[in-house]
Amino acid sequence: MSNLFGDLPEDDGLPGAARRVAIIVMVLGTSMTVLDSSIVNVALPMIARSLQVDPAAAVWIANAYILAGAMTMVAFASLGEVIGFRRVYMGGILIFTLASLGCALSPSLAILSGMRFLQGMGGAATMSIGPALYRNIFPTRLLGAALGINALVVAFSAAAGPAIGGLMLSVLSWPWLFAVNVPIGIVTLLLARRVLPRDPGRGGKLDAIGALLSALALGSIVMAVDGLTSHGSWSKELLLGAIALASVILFIIRQRRYSAPLLPLDMFASQRFSMAVATSTCSFVGQGIAFIALPFLFQGAYGFSPLLSAALFTPWPVAIAITAPIAGRLADRHSASLLSTCGLLVLTLGLILLALLGQHASVPDILWRAFVCGLGFGFFQSPNNREMLSNAPRARSGAASGVLAIARTFGQSLGAALVAVVLAATGIAQAAADTAHIDASAVHMSLWLAASATLLATIISGLRIKHGRN
């Protein structure tokens, strides 16, 4: 860790002393926004009872946050390049903090869902330009190690969310899940104002039409997949699919013709960049499936308590904490694509091991398999992120950072929706709402789907090894 703050004469980025405080700002902001994408899931039944609403309707407390992120990631990444990454990051923290207070004080489901949407927008603003800020904070020679810290924080926060939420709810009421963000957000803002590098941005105007089209496309895709769980005619889902397709086509046309595009498509001319994006998306689909499916397995099929179920996730982030910084440092000296591929192989093996759990699995048997998943994911993410950013021009740092965040958010959203589709297709979803008992075979099917997604990511990642060192 101390190597991250040493200075050499040829270094770009901030001086070593300033980097120490800047990384605290980045860790605080990232951990808050990523935790809130998963920490609330374990509280949904409690919130539904408190607000006296149907449990199915309470799912939108989680969905609103994810949907806001998916819809606005591209716009905020582009806005960072226009007005400066520091301004967007601080604005995102401010919106997130105020919306967190609104969530804690919400008296109804409608207000809470609306506050969660605003909270998701604030989180999207910080996450979309986070890696670009790392590129401005740290010298190029330390980019892999710095992104290793970022990967550690993102993966650890996402994996630890259920466990932290379960622990908090064992002693506090659900509003505290949101209220705790307020003092942390204030401290983060004060520190960010002092130490984050000032960049004026390139100026110009934000492509508002492109932002609208990207929001329509990503939002429609997530809602269409989520709607496949219904047992109707699917006419609404077909309409959403048509809106998504039309929006994607119009967005591509707009970006090719507009002088200052929201998402410069020339980045994807780099085969290595495009393959890193595809690899990241598939891996997060797999992780998203696992994070939603496993609580059903632990609580519904095995009968574990919510607190124990949350604790069973602990080995995953612990393993990430061990491997992500090591993988980041190795990626500065060795082939990032080879390191990523090895990590994905281990992750796929871990998911297969979880899918093979028996009808009466013991706690130790679950723990070591989750640890294998964490080892693989921790070893994959930071080298892959380094490859994605290093294969985009520095002038495109904001856009590349946004693509990285979109791959994570969209992959997790799609993974979560696919779990709901599998449960609905097997006739389990309704039963899960009525009883505490779920047939483990449906959840195992979801885990096999997760392993298939990460296997596809492994194949894509392996194809780039022959193309060079990165």
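In this text the structure is predicted, and so the values were computed from the model without any measurement. (Residues numbered from 1 in each chain as written. Predicted model: local features only at pLDDT ≥ 70, side-chain atom pairs only at ≥ 80, totals over all residues. Heavy atoms only, no water.)

What exactly am I supposed to notice about the overall build of the chain here?
Check the secondary structure of the chain and you find 18 helices and 0 strands. By principal-axis analysis of the C-alpha atoms, the chain measures approximately 65 × 45 × 40 Å. Evaluated residue by residue, the chain yields a buried proportion of 57% over its 470 residues. Within the chain, contacts between residues separated by at least 24 positions form 84% of all contacts whose residues are at least 6 apart in sequence. Of the roughly 18400 Å² that the chain leaves accessible, carbon and sulfur atoms contribute 71%. Counting 28 positive and 17 negative side-chain charges, the chain places the centres of these two groups 8 Å from one another. (Helix = DSSP H or I, 4+ residues; strand = E, 2+ residues; numbered from the N terminus. Buried < 20%, exposed > 50% of the residue type's maximum accessible area, 1.4 Å probe, protein only. Contact = heavy atoms within 4.5 Å. Areas by Shrake-Rupley, 256 points an atom, 1.4 Å probe, with all protein chains shown as cover. Lys, Arg positive; Asp, Glu negative; His and termini not counted. Charge placed at Lys NZ, Arg CZ, Asp CG, Glu CD.)

Explain the pattern of salt bridges here, please?
In this structure the tally under the stated criterion is 5 salt bridges. Between Asp-365 and Arg-369 there is a salt bridge, with its nearest N and O atoms 3.1 Å apart. Remark: Arg-369 and Asp-365 occur in helix 15 (residues 363–390); sequence separation between them is 4 residues, near one turn of the helix. For Arg-369, a relative accessible area of 11% translates into the label buried. Its salt-bridge partner being Arg-464, residue Glu-387 comes within 3.2 Å of it at the nearest N-O pair. (Salt bridge = Lys/Arg side-chain N within 4 Å of Asp/Glu carboxyl O.)

How should I be thinking about the packing of helix 1 (residues 16–35) against helix 4 (residues 85–104) in this particular structure?
The relative placement of two packed helices is expressed as an angle between their axes plus a distance between the axes. Closest axis-to-axis distance for the helix 1/helix 4 pair is 11 Å, and the angle between their directions is 45°. The orientation of helix 1 relative to helix 4 falls into the category oblique. The handedness of the crossing between helix 1 and helix 4 comes out as left-handed. Every residue of helix 4 that contacts helix 1 at Val-25, Met-26, Gly-29, Thr-30, Met-32 and Thr-33 is listed here: Tyr-89, Ile-93 and Phe-96. (Axes fitted to C-alpha atoms, helices over the stretch in contact; angles between N-to-C directions. Parallel < 35°, antiparallel > 145°, perpendicular 65-115°, else oblique. Left-handed = near helix turned anticlockwise from the far one by under 90°.)

These values are about where atoms sit, not about what they do.
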